[in-house]
Amino acid sequence: MDEPRSLYQRWRFALKPASWPKLFVPTFFGHALGAAHRGFLDLEAVALGAAWTFLLLVAIVTLNDVADRDVDALKRRIYPNASKKTIPDRVLPAHHLLFAGLGAMVLLFGYGFFLQDWSQRPGFGLITLAAFSIFGAYSLPPVRLNYRGGGELLEMVGVGIALPWLHAYLQGGLGAPSAAWIPKCAPLLLGTGLLALASAAASGLADEVSDRRGGKRTLTTTLGNAACRRLTEALVFAGAAALVLVGLLAEHVPLLATLPPAALIAYRARRMQAISTDAVTGAFDAMGRYKAELHAAIWKGTELLAALLILFRVFLRP
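Small disclaimer: the values here were computed from a predicted structure and weren't measured.

Rules of the game
Residues numbered from 1 in each chain as written. Predicted model: local features only at pLDDT ≥ 70, side-chain atom pairs only at ≥ 80, totals over all residues. Heavy atoms only, no water. Phe/Tyr/Trp six-rings, centres within 6.5 Å; stacked < 30°, edge-to-face > 60°. Lys NZ or Arg CZ within 6 Å of the ring centre and 35° of its normal. Salt bridge = Lys/Arg side-chain N within 4 Å of Asp/Glu carboxyl O. Helix = DSSP H or I, 4+ residues; strand = E, 2+ residues; numbered from the N terminus. Buried < 20%, exposed > 50% of the residue type's maximum accessible area, 1.4 Å probe, protein only. Expected span 1.5 Å × (residues − 1). Arc of directions from axis to C-beta. Contact = heavy atoms within 4.5 Å. Axes fitted to C-alpha atoms, helices over the stretch in contact; angles between N-to-C directions. Parallel < 35°, antiparallel > 145°, perpendicular 65-115°, else oblique.

K.L.:
Is there a simple way to explain the packing of aromatic side chains in this structure?
P.N.:
The geometry of two aromatic rings is summed up by the distance between their centres and the angle between their planes. Scanning all chains against the criterion turns up ten aromatic pairs. The ring of Tyr147 is capped by Arg144, whose NZ or CZ atom sits 4.0 Å from the centre of that ring. A cation over a ring is seen here: Lys216 above Tyr147, with NZ or CZ 5.0 Å from the ring centre.

K.L.:
Explanation requested: the pattern of salt bridges in the structure shown.
P.N.:
Side-chain pairing between opposite charges can occur once the charged atoms of the two side chains come close. Scanning the model with the defined rule gives ten salt bridges in all. Note that Lys16 is salt-bridged to Asp65, the shortest N-O span being 2.6 Å. With a gap of 49 residues between them, Lys16 in the loop between α1 (7-15) and α2 (21-38) and Asp65 in helix α3 (residues 43-67) connect regions that are remote in the sequence. Residue classification places Lys16 among the partly exposed residues on the basis of a relative accessible area of 30%. On the accessibility criterion, Asp65 (10% relative accessible area) is buried. Because the salt bridges share partners, they merge into one network encompassing Arg268, Arg271 and Glu293.

K.L.:
What is the right way to look at unusual backbone geometry in this model?
P.N.:
Outside of glycine, negative phi angles account for most residues, and trans bonds account for most peptide bonds. Cis geometry is found at the peptide bond from Pro141 to Pro142, where omega equals 5°. In this fold, Pro142 is placed in the loop between α6 (124-136) and α7 (145-148). Notably, Arg90 is not glycine yet its phi reads approximately 60°, a positive angle. For Arg90, the position within the fold is in the loop between α4 (69-78) and α5 (94-118). Phi at Gln120 takes a positive value of approximately 55°, unusual for a residue other than glycine.

K.L.:
What should I look at first to understand helix α13 (residues 255-275) in this one?
P.N.:
Each turn of an α-helix holds 3.6 residues, which means side chains three or four residues apart point in the same direction. Taking 1.5 Å per residue as the helical rise, α13 with its 21 residues ought to reach 30 Å, and the 31 Å between its terminal C-alpha atoms agrees with that figure. Along α13, the residues classified as buried are Ala257, Thr258, Pro261, Ala262, Ile265, Arg268, Ala269 and Met272. All buried residues of α13 project into a common sector of 135° when viewed along the axis, lining one side. Projecting away from the buried face of α13 at angles above 90 degrees are the exposed residues Leu256, Arg270 and Ala274. For α13, the elements touching its buried residues are α9 (189-202), α12 (225-249) and α14 (284-315).

K.L.:
I would appreciate a short explanation of the packing of α13 against α14 in the present structure.
P.N.:
If you want to describe how two helices pack, look at the angle between their axes and the distance between the axes. At a minimum axis distance of 8 Å, the contact between α13 and α14 shows a crossing angle of 175°. Comparing their axes, α14 and α13 come out roughly antiparallel.

Next up, the structure:
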């Protein structure tokens, strides 16, 4: 890619917009869950929720770069021709990212309590604090589960379950007691949780060598590249199967809303398997293609699921 020169280009690089669907897709899926529960899609709630997720994203991306700067620098020394890193390659200094992350975190907390009153969602401010704690525990001290082991499970809970549930509550939980509110189509979170775990498992594939030398305990450093790829693919297929199972068994989930996304996810998983043997340690181009198929499976499959859920439970509801 071209060298980021202007201030805008530097911050755009640092905020990694190509990775934004990882949080925005679960956000909009959560609004689909809330709309399915309520029988109505509130576009104002969608916009308010997107702003909430953007603040979370800025806080997490910038603070994670600060927390991971030593391991990122190690990777650049091992693979000098690999993709650039924000701090080691001096795109932006660490203290700029730290100030931006802390600022976004404070704004997120304040915004969460604002939404609690504006949208009449009891406890939403505290839910915001709890949600950030889940994401922050991934790589921020003192927990740093991505270094100690268990970061992938935490990501599954945060991205696949907590984030959609939070936005489902914002969309469809008017006046409900936050601790007890469960959307009618909540069983679908089993599928999205498995898909989030697959994404988390694959996230360390390209960093196996540097993470191992840097002391990070991930599924890749524990199992090795090949076994982690097999696990990732199995989890994607399991996520697709879970969606079909929920469509068959859950009272409020139409099977016609889960079959097409499950088929799309399974198709992309097969494409992952076809290129899997090339995505070995250090093969960054093949790894990029492998992850592109993985992201297509998760993001496109979840987007289709959200759209069909809204179609059948909001516009074509019985």
